[in-house]
Protein chains: 2
Amino acid sequence: MKAIPEALAAIIGQRVDQIDTPALVIDLGAMDRNIQRMAEFARKHQVRWRPHAKMHKSAELALLMQQAGAQGVCVQKTSEAEAMAEGGVRDITITNQVIAMPKLHRVARLAALLASRGGRLGIAVDSPEGIERLAEAMVLSGSDAGIDVLVEIDVGQGRCGVPPGEAAVALALAVARHSRLRFAGLQAYHGRAQHLASAADRRDAITQVVQQAAKTRDLIIAAGLPVPLVTGSGTGTLVHEAASGVYGELQAGSFLFMDADYARNERDPAQPAFEHALFVKTQVISVRDTHAVCDAGHKSHAIDSGLPTVGQLSVGRALRYANGGDEHGLLYAEGDKARLPALGRMLWLIPGHCDPTVNLYDFMIGVRGGLTLGTVERIIRVDARGALH
Amino acid sequence: MKAIPEALAAIIGQRVDQIDTPALVIDLGAMDRNIQRMAEFARKHQVRWRPHAKMHKSAELALLMQQAGAQGVCVQKTSEAEAMAEGGVRDITITNQVIAMPKLHRVARLAALLASRGGRLGIAVDSPEGIERLAEAMVLSGSDAGIDVLVEIDVGQGRCGVPPGEAAVALALAVARHSRLRFAGLQAYHGRAQHLASAADRRDAITQVVQQAAKTRDLIIAAGLPVPLVTGSGTGTLVHEAASGVYGELQAGSFLFMDADYARNERDPAQPAFEHALFVKTQVISVRDTHAVCDAGHKSHAIDSGLPTVGQLSVGRALRYANGGDEHGLLYAEGDKARLPALGRMLWLIPGHCDPTVNLYDFMIGVRGGLTLGTVERIIRVDARGALH
């Protein structure tokens, strides 16, 4: 007996209420509107958008956004870059440090492959040793392709990157000394600022970020090296980087699906009205006096940015989701008129954080016509699921 | 270009220090000792052990424990049961409610398959409707195989199950009215008690559990129905259920690998000295004045039961791991003599919770000879990775 693959749980043309649970479902109408809003926003501000594929992990969705004007993808991992290239994406930036020589040989091989397809590969560095290792791998690759190298500066995230200023100038000059490395600009991303609850706090944080990036850029230019690009930003703060005149490229990825966590925060009026487009479909498998239990626990959605919320569209009553372990969710009725859902009832959860939620599935089920009456239009493969290297 | 599968990152015979990161690595010596300790413990207490495969998700490891005396496996999901059956396991209990008819047809088909192989399938129920649906699927299956049905009682977990006592008697009698359903006993698991920090608190919680299970068992017997089995327990409390005289079977699974979370709690002196056997190998990819950054974030390990701890075996200094997002971990040196690891340094993380950590990988790398000088002995497939249905 062959185990039944998850993909067969949904069939093209199937009605949305027939999809077995748990399932990761995209509302394609909402997703398409999010893409249009982002494309218009980027056009208006005359910035490039390079959506982070660490979010959706799907070459099909990367190419869909490219058709709408996106400039390739960002990724965090060498193996994510490989998965995107395999799916036909030709313009890829790894916004992260790669240090292990086995991976750097893969990076060099991928740079050659993308160059041969008329594309390019970019990568971030934050240490002299990282630059030397990358240069060595490029020379050993046997190809004469180059690679775009971004110097990562820490603009408040407190993770990778050198401090803004002279340390970054030294790295940029070190990059420029290697013929196979093209100094391509600055990687400057403040991830924690994306999730500040107050719109004013996010604005203030990014004001600092922009100042630090501009200062570092000017120092590098003063040292004689052009700085083609400052890149970074995310869905929570993109209005500020886009309007800065300093950032030439936005890396926001979450706008495509939107997290419950972003929805909890105060919206900036200038931010496009992105909609939730990713849902975990779940079903009630047990009903008690005090609560109901559904079949989606934290094996069905990531909980690093908080628990999922329960979409109201098919329920019409307020339900609170509580953690019931790997395989179960606990549902409590909130408020006077609330009551618990019946056994077998289908519910829609909005994940707290899309990126690691997508990583738990092999396929996303694309539904057209809404989550009440729609039908399955396509099954979208999560090409970079489990891409850890 | 074909994306490079994670499995190829390790090769049989390779030295442990050559394994690229992040990687999920089993210390096979420690795992084997854990199996021997559990087998001895169960023999001594004359209880069966049916390790929960929701933990390791691997048919190969299930069969290894069967050779050491384990009675098949438990699982939480229909698709996990299918994955175990496909891998050759013939004695499987689904310790959970299954309500969706498409899944119940799969359950019925699996019951017939396992019966044809001389095995059996068991399942839990906690509602009259669940029993009726299961009976309908069994009748429609076209096979005359039966299925073992456990009535689940809620002994303190506050999730699925009916209250101990009369409600369970009614369900047991309802099961017995269907010729294709065999009433097999009580499912009585208190998950939260596993993780109480104090050994005395765990003992007190399980004293209550055992009383409730015994009372319910006696009521069912008084109603004229034999109760072949009371089953449940976990790694945190197994000393108490094993000594109870009420439980005939232990479902503990985590003992095989041991979580960092279990290690944080006070150990019961009667508990076998299980060792950590599952590690995430990671590498330092950036070093700052204040901290270092490694390439394992919460895409590499689950954080529902706390962050991983940093294994000291290859470092010799105290490092604290802090969350750095999906793809990064932040490492801080603790104490006077502590210092940060160098760029490229390999480290070993002990995951807070093994079950959902294993779910993030396609393969586990089995190392023989310890994590310093050992070599890769085998690559173990995570058969039930992503088994959500």
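Since we're looking at a predicted model, the values are computed, not measured.

## Here's the deal with the domain arrangement of chain A
Residues and elements named next belong to chain A.
Item 1. On domain assignment, one finds that chain A holds domain 1 (7-25 + 274-381) and domain 2 (28-257).
Item 2. Measuring from the centre of the C-alpha atoms in domain 1 to the corresponding centre in domain 2 gives 33 Å.
Item 3. With 16 residues of domain 1 at the interface, the matching set in domain 2 holds 18 residues.
Item 4. Sorting the residues of the side of domain 1 that touches domain 2 by element identifies helix 11 (354-358), strand 16 (363-368) and strand 17 (375-381) as the ones contributing at least two each.
Item 5. Looking at the side of domain 1 that touches domain 2 residue by residue, the class counts come to seven nonpolar, four polar and five charged.

## Comments concerning the relation of the copies chain A and chain B
Look at the two chain copies: a rotation about an axis and a shift along it is all it takes to match them.
Item 1. By a simple turn and slide, chain A fits onto chain B: the slide is 0.0 Å along the axis, the RMSD is 0.0 Å, and the turn is 180°. Within this description, the copies of the chain are treated as partners about a two-fold rotation axis. By C-alpha distance to the rotation axis, the residue of chain A lying nearest is Leu360 of chain A, at 3.5 Å.
Item 2. Mapped onto chain B, 100% of the interface residues of chain A are again interface residues, and the two copies thus contact each other with one and the same surface.

## Examining the interface of chain A and chain B
Item 1. With 57 residues of chain A at the contact, the number on the chain B side is 57 residues.
Item 2. Looking at the side of chain A that touches chain B, the elements with two or more residues in it are helix 4 (78-86), helix 5 (101-116), strand 10 (278-287) and helix 11 of chain A.
Item 3. For the side of chain A that touches chain B, the element with the highest residue contribution is helix 4 of chain A, accounting for five residues.

## Examining the sheet that holds strand 9 (residues 249-250) of chain A
All names here are of chain A.
Item 1. An order of 2-9-8-7-6-5-4-3 is seen for the eight strands of this open sheet, with the pairing classed as parallel. Across the chains shown, the open sheet's two edge strands, defined by having one partner strand only, are strand 2 (48-49) and strand 3 (73-75).
Item 2. As judged from the three bridges shared by strand 3 and strand 4 (residues 91-94), these two strands associate in the parallel manner. When the sheet's bridge partners are listed, Cys74 is paired in strand 4 with Thr93.
Item 3. Seen against the sheet, helix 4 touches strand 3 and strand 4 and runs at an angle of roughly 170° to strand 4.
Item 4. Contacts between helix 5 and the sheet are confined to strand 4, strand 5 (120-125) and strand 6 (147-152), with strand 5 contributing the most and set at about 145° to the helix.

## Points about the nonpolar core
Inside soluble globular proteins, nonpolar side chains tend to come together where they are buried.
Item 1. Of all hydrophobic cores here, the largest spans 256 residues; its most connected members are Met84 and Ile365 of chain A together with Met84 and Ile365 of chain B.
Item 2. Setting aside residues up to four positions removed in sequence, Met84 of chain B forms contacts with Ala53, Ala59, Ala62, Val73, Val75, Val89, Ile92 and Ala384 of chain B.

Here is what the cut-offs are and how they apply
Residues numbered from 1 in each chain as written. Chains lettered and ligands numbered in written order. Predicted model: local features only at pLDDT ≥ 70, side-chain atom pairs only at ≥ 80, totals over all residues. Domains from an automatic or database assignment. Contact = placed C-beta atoms within 7 Å. Helix = DSSP H or I, 4+ residues; strand = E, 2+ residues; numbered from the N terminus. Nonpolar A, V, L, I, M, F, W, Y, C, P; charged D, E, K, R; others polar. Least-squares fit on C-alpha atoms with pLDDT ≥ 70 in both. Pairing = 2+ DSSP bridges. Axes fitted to C-alpha atoms, helices over the stretch in contact; angles between N-to-C directions. Core = buried A, V, L, I, M, F, W, Y, C linked by C-beta atoms within 7 Å. Buried ≥ 20, exposed ≤ 12 C-beta atoms within 10 Å, placed from the backbone.

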